[in-house]
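Here is what each chain is made of, one letter per residue.
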Amino acid sequence: MDRVKRRLLLVMAALSPGVVTITLQEFAVSLAFMVLGVFGAISLAAATIAVFPQVGPNSLSQGLAKRPYPSLLVSSALNSLKDMSPEPVAIRAALHTVMAPTLKTPGFVTEDEQIAMVLSQILARWDAVELSHLSDDQIREIWLVERLMRASPAEAGALSRYFAAPNAMLAMRDVLAAPVTA
């Protein structure tokens, strides 16, 4: 209720100079009252902010549960991902072997190294340094990205429906799957 009172007072403060100008026909008197109205509006707005200092969240954002990280998935995909994915402990172990740096001779970047780079960029976007810093939901998302990168075209198309930007994920998969030309 405090937010409603605050908004009502601020609207009245914003509209008061215009109302004074419209109601008075004489320009000089109207200008004097308008200046008085502007100072009154500023005073009323300052008093409103002093009485109701907190600014509550708007009603639209109250119903939405915000994630602490920018998710790659659509909001409805997380529940079905929990059903189809292995346990997070098993995913962490598998992803740790994928993302572990290996010493190889210089040359072309392998598919595993490319996938590890993609997953590392997602970790960086989430401000995480290691897989152990990720939540179970984030681990499942990373697992789904890795699975999409290794999938056949038909399976990749089916998996892409879980992502918020399916075309971008499929384009990234296609770049990784494209043959290397010298």
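Refer to the structure above for everything that follows.
Along each chain, residues carry numbers from 1 onward, in the same order as the chain's sequence is written. Totals for whole chains, interfaces and linings use every residue, but because this is a predicted model, local features are given only for residues with pLDDT of at least 70 and side-chain atom pairs only at 80 or more, for both listing and counting. Processing note: side-chain calculations cover all non-hydrogen atoms of the structure and skip hydrogens and water entirely.

1. Some words on the overall build of the protein chain
Link 1 in the chain: The helix count covers DSSP runs of H or I at least four residues long, the strand count covers runs of E at least two residues long, and both are numbered beginning at the N terminus. A tally of regular secondary structure across the protein chain gives 9 helices and 0 strands.
Link 2 in the chain: Ordering the α and β elements of the protein chain from the N terminus gives α-α-α-α-α-α-α-α-α.
Link 3 in the chain: Two residues qualify as a contact provided that any one of their heavy atoms is within 4.5 Å of a heavy atom in the partner residue. Summarising the internal contacts of the protein chain: among those between residues at least 6 apart in sequence, 64% fall at separations of at least 24.
Link 4 in the chain: Residue exposure ignores everything except the shown protein chains as possible cover, and the areas themselves are Shrake-Rupley values with a 1.4 Å probe. Surface summary for the protein chain: the accessible area is close to 12,000 Å², and the carbon and sulfur share equals 66%.

2. Topic: helix α9 (residues 166-177)
Link 1 in the chain: A helix is expected to span 1.5 Å for every residue after the first. Across its 12 residues, α9 extends 16 Å between first and last C-alpha, which sits within 8% of the 16 Å expected from 1.5 Å per residue.
Link 2 in the chain: Along α9, the residues that are buried comprise Met169, Arg173 and Leu176. Projection of α9 onto a plane perpendicular to its axis shows the buried side chains occupying an angular sector of 60 degrees, all on one side. Summarising the geometry of α9, the exposed residues directed more than 90 degrees from the buried face are Asn167 and Val175.
Link 3 in the chain: As for α9, its buried residues are in contact with α6 (111-125), α7 (136-150) and α8 (153-159). Only protein chains enter the accessibility calculation, which uses a 1.4 Å probe. A residue is then buried if its area is under 20% of the maximum for its type, exposed if over 50%, and partly exposed in between. The arc under discussion is defined with respect to the helix axis, by the directions toward the C-beta atoms.

3. Thoughts on the pattern of salt bridges
Link 1 in the chain: Salt bridges, as used here, are contacts in which a Lys or Arg side-chain nitrogen is within 4 Å of a carboxyl oxygen on Asp or Glu. The final tally for this structure, using the stated rule, is 6 salt bridges.
Link 2 in the chain: A salt bridge links Arg140 to Asp137; the nearest nitrogen and oxygen atoms lie 3.4 Å apart. Pair noted here: Arg140 and Asp137 are both in helix α7, with a separation of 3 residues, about one helical turn.
Link 3 in the chain: Residue Arg140 is classed as buried on the basis of its relative accessible area, which comes to 12%.

4. Considering the environment of Ile42
Link 1 in the chain: Looking at the element boundaries, Ile42 is found in helix α2 (residues 27-51).
Link 2 in the chain: We classify Ile42 as exposed; its relative accessible area is 52%.

5. Side note on unusual backbone geometry
Link 1 in the chain: Phi at Asp127 takes a positive value of approximately 60 degrees, unusual for a residue other than glycine.
Link 2 in the chain: Within the secondary structure layout, Asp127 lies in the loop between α6 and α7.

6. What to know about the nonpolar core
Link 1 in the chain: Counting residues in each nonpolar core, the largest one holds 33 residues, and the members touching the most others are Leu73, Leu119, Leu134, Leu144, Val145 and Phe163.
Link 2 in the chain: Among the elements of the structure, α4 (77-84), α5 (88-99), α6, α7, α8 and α9 are those that each provide at least two residues to this core.
Link 3 in the chain: Of the residues forming this core, the biggest block, 7 residues, is contributed by α7.
Link 4 in the chain: Excluding anything up to four places from it in sequence, Val145 contacts Leu72, Val118, Leu119, Ile122, Phe163 and Met169. Residues belong to a common nonpolar core when they are buried Ala, Val, Leu, Ile, Met, Phe, Trp, Tyr or Cys residues joined through side-chain atoms within 4.5 Å.

7. Things to note about the packing of α7 against α9
Geometrically, a packed helix pair is captured by the angle between its two axes and the distance between the axes.
Link 1 in the chain: α9 packs onto α7 with a crossing angle of 50 degrees between their chain directions and a minimal axis gap of 8 Å. Of the possible angle classes, the one that applies to α7 and α9 is oblique. For the crossing formed where α7 meets α9, the hand is right-handed. Between α7, through Val145, Leu148 and Met149, and α9, the contact on the second element is made entirely by Met169, Leu170, Met172, Arg173 and Leu176.
Link 2 in the chain: Tallied by class, the residues present in the contact of α7 with α9 amount to 7 nonpolar, no polar and 1 charged. Only C-alpha atoms enter the line fits that serve as axes; for helices the fit covers just the stretch in contact. Angles between N-to-C directions range over 0 to 180 degrees. Each angle is binned into one of four classes, with values under 35 degrees roughly parallel, values over 145 roughly antiparallel, values of 65 to 115 roughly perpendicular, and all other values oblique. By definition, any crossing whose near helix is turned counterclockwise from its far helix by less than a right angle is left-handed, and any crossing with a clockwise turn is right-handed. Asp, Glu, Lys and Arg are counted as charged, while Ala, Val, Leu, Ile, Met, Phe, Trp, Tyr, Cys and Pro are counted as nonpolar; the rest, among them Gly, fall into the polar class.

Nothing here speaks to function; it is geometry throughout.
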